[in-house]
Amino acid sequence: MRIDVLTIFPEFFDVLDVSLVGKARERGILNVHVTNLRDYAHDVHRTVDDTPYGGGAGMVMKPEPWGDAIDALLGDSASDAVVIVPTPAGHLFNQVMARELSQASHLIFACGRYEGIDQRVSDHFATRCRVVPVSLGDYVLNGGEVAAMAMIEAIGRLVPGVVGNPESLTEESHEDGLLEYPSYTKPAQWRDLDVPDVLLSGNHGAIAAWRREQQLERTREMRPDLLTEEH
Ligand code: J9Q
């Protein structure tokens, strides 16, 4: 998978050199490329924003640098790329969306500042490829960079070969729509707290049943919105 990031803060993405994503890049499974949007600015000051038509606070990102930068990333062939625009006004990101996006061959993250990118950029590129506005959640960030990083990790780890043991992918939180069960390791006693007896019993059926019950209890308590009829 090719992943492009367009941002005025390319150094934010230096962390993608490390950890799982970094290893997948070294192994050639993920081809992550970060572009400074200012390289596509049209003036000596490398201006990328301007005041909003209609008035209001803050600045809006100008369409021309985005247009030229995304043109360059798409190339001239009809593209199967997906342009992802992190924005609090987007679809809520979740594991289902991460799975779906992990099937794409080319993702382009367009990281804008809070007041956003001139709407015509999304409107134009939607005629040439998929454009998806995506929100990480209902809170304020200063720009799309941190949201893009979270999505790159969530999507990238689902690309075949990125995570060594594929079993660890499906056993995790959210893949079955429930929160994870609590985990314990040695020692069996710590600060007057015991590991639950069932986990030391060697009874694998009882352990599986206990873990399922813990998942349901946790989800009921922390995230009742996740519970459905099937659960
Ligand atoms: C771009 N607040 O916030 C939550 N998910 C995405 C965002 C966001 C933001 C500002 C700019 C994305």
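Provided above is the structure to which this section pertains.
Computed from a predicted structure; not experimentally measured.

Enquirer: Just give me the short version of the state of the cysteines, but keep the residues and values in it.
Expert: For the structure on display, the rule yields zero disulfides. For the unlinked cysteine Cys111, the closest cysteine sulfur is that of Cys129, found at 15 Å. Judged by its relative accessible area of 1%, Cys111 is buried.

Enquirer: Go over the site of the ligand with me, naming the residues and quoting the values.
Expert: The local shell around the ligand holds 13 residues, among which Pro86, Leu136, Gly137, Leu141 and Gly144 are the closest. Here Leu141 contributes a backbone N or O atom positioned 3.0 Å from a nitrogen atom of the ligand. Considering every element that reaches the shell around the ligand, the biggest residue donor is strand S5 (residues 82-92), with three residues. Here the residues of the shell around the ligand are counted per class, giving seven nonpolar, six polar and no charged.

Enquirer: Provide a residue-level description of the environment of Leu226, including the pertinent values.
Expert: With respect to the secondary-structure elements, Leu226 resides in the segment after helix H7 (204-222). Sequence-distant contacts of Leu226, defined by excluding residues within four places in its chain, comprise His174, Gly177, Leu179, Thr219 and His231.

Enquirer: Tell me about the side chain of Glu145, and please be specific about residues and values.
Expert: Note that Glu145 resides in helix H5 (residues 145-156). Although Glu145 lies buried, it forms no salt bridge, and the closest oppositely charged side chain, Arg113, sits 9.5 Å away as judged by the N-O distance. Leave out the neighbours within four places in its chain, and Glu145 touches Thr7, Ile8, Phe9, Phe12, Phe13 and Cys111.

Enquirer: Lay out the pattern of salt bridges in plain terms, naming residues and giving numbers.
Expert: Pairs can form between side chains of opposite charge whenever their charged atoms are close. Summed over the entire model, instances satisfying the criterion amount to 12 salt bridges. Across the salt bridge formed by Arg130 and Glu100, the nearest N and O atoms sit 3.2 Å from each other. With Arg130 in strand S7 (residues 130-135) and Glu100 in helix H3 (residues 95-101), this pair connects stretches of sequence that are 30 residues apart. Since its relative accessible area comes to 41%, Arg130 is described here as partly exposed. With a shortest N-O distance of 3.2 Å, Arg113 and Glu115 are connected by a salt bridge. According to the relative accessible area criterion, Glu115 is partly exposed, its value standing at 38%.

Enquirer: For helix H1 (residues 19-26), give the residues involved together with the corresponding values.
Expert: Within H1, burial applies to Val21, Gly22 and Ala24. All buried residues of H1 fall inside an arc of 165° around its axis, so they share one side. Opposite its buried face, H1 presents the exposed residues Lys23 and Glu26, each directed more than 90 degrees away. At the exit of H1 stands Gly28, carrying a positive phi of roughly 80°.

Enquirer: Outline the sheet that holds strand S1 (residues 2-7), supporting the account with residue identities and numerical values.
Expert: Reading across the sheet, the five strands line up as S2-S1-S6-S5-S7 and stay open at both edges, with parallel pairing between neighbours. The open sheet has two edge strands, strand S2 (31-36) and S7, and neither has a second partner. Adjacent strand axes in the sheet meet at a mean angle of 30° when their direction is disregarded. By the bridge criterion, five bridges tie S1 to strand S6 (residues 106-110) in an arrangement that is parallel. Considered in S6, the bridge of Arg2 is made with His106.

Enquirer: Now, about the nonpolar core: what can you tell me, with residues and values included?
Expert: Among the nonpolar cores identified, the biggest contains 33 residues, and Ile84, Leu107, Phe109 and Ile155 are the most heavily contacted of them. Residue assignment for this core shows that the elements contributing at least two residues are S1, H1, S5, H3, S6, S7 and H5. The greatest single-element share of this core, amounting to seven residues, is contributed by H5. Beyond its immediate stretch of four places on either side in the chain, Ile155 contacts Met1, Ile84, Phe93, Ala98, Leu101, Ser102, Leu107 and Phe109. Ala69, Leu74, Val83 and Val85 belong to the second-largest nonpolar core, a separate cluster that totals 20 residues.

Enquirer: If you had to explain the environment of Met151 to someone new, which residues and values would you point to?
Expert: Counting through the fold element by element, Met151 comes out in helix H5. Counting along the chain gives 54 residues from Met151 to Met97, while the straight-line C-alpha distance between them is 9.7 Å. Setting aside anything within four residues of it in sequence, one finds Met151 in contact with Ile84, Pro86, Phe93, Phe109, Val134, Leu136 and Gly156.

Conventions used here
Residues numbered from 1 in each chain as written. Predicted model: local features only at pLDDT ≥ 70, side-chain atom pairs only at ≥ 80, totals over all residues. Heavy atoms only, no water. Disulfide = S-S within 2.5 Å. Buried < 20%, exposed > 50% of the residue type's maximum accessible area, 1.4 Å probe, protein only. Near = heavy atom within 4 Å. Polar contact = N/O pair within 3.5 Å; in protein donor to acceptor, adjacent residues only side chain to side chain. Helix = DSSP H or I, 4+ residues; strand = E, 2+ residues; numbered from the N terminus. Nonpolar A, V, L, I, M, F, W, Y, C, P; charged D, E, K, R; others polar. Contact = heavy atoms within 4.5 Å. Lys, Arg positive; Asp, Glu negative; His and termini not counted. Salt bridge = Lys/Arg side-chain N within 4 Å of Asp/Glu carboxyl O. Arc of directions from axis to C-beta. Pairing = 2+ DSSP bridges. Axes fitted to C-alpha atoms, helices over the stretch in contact; angles between N-to-C directions. Core = buried A, V, L, I, M, F, W, Y, C linked by side-chain atoms within 4.5 Å.

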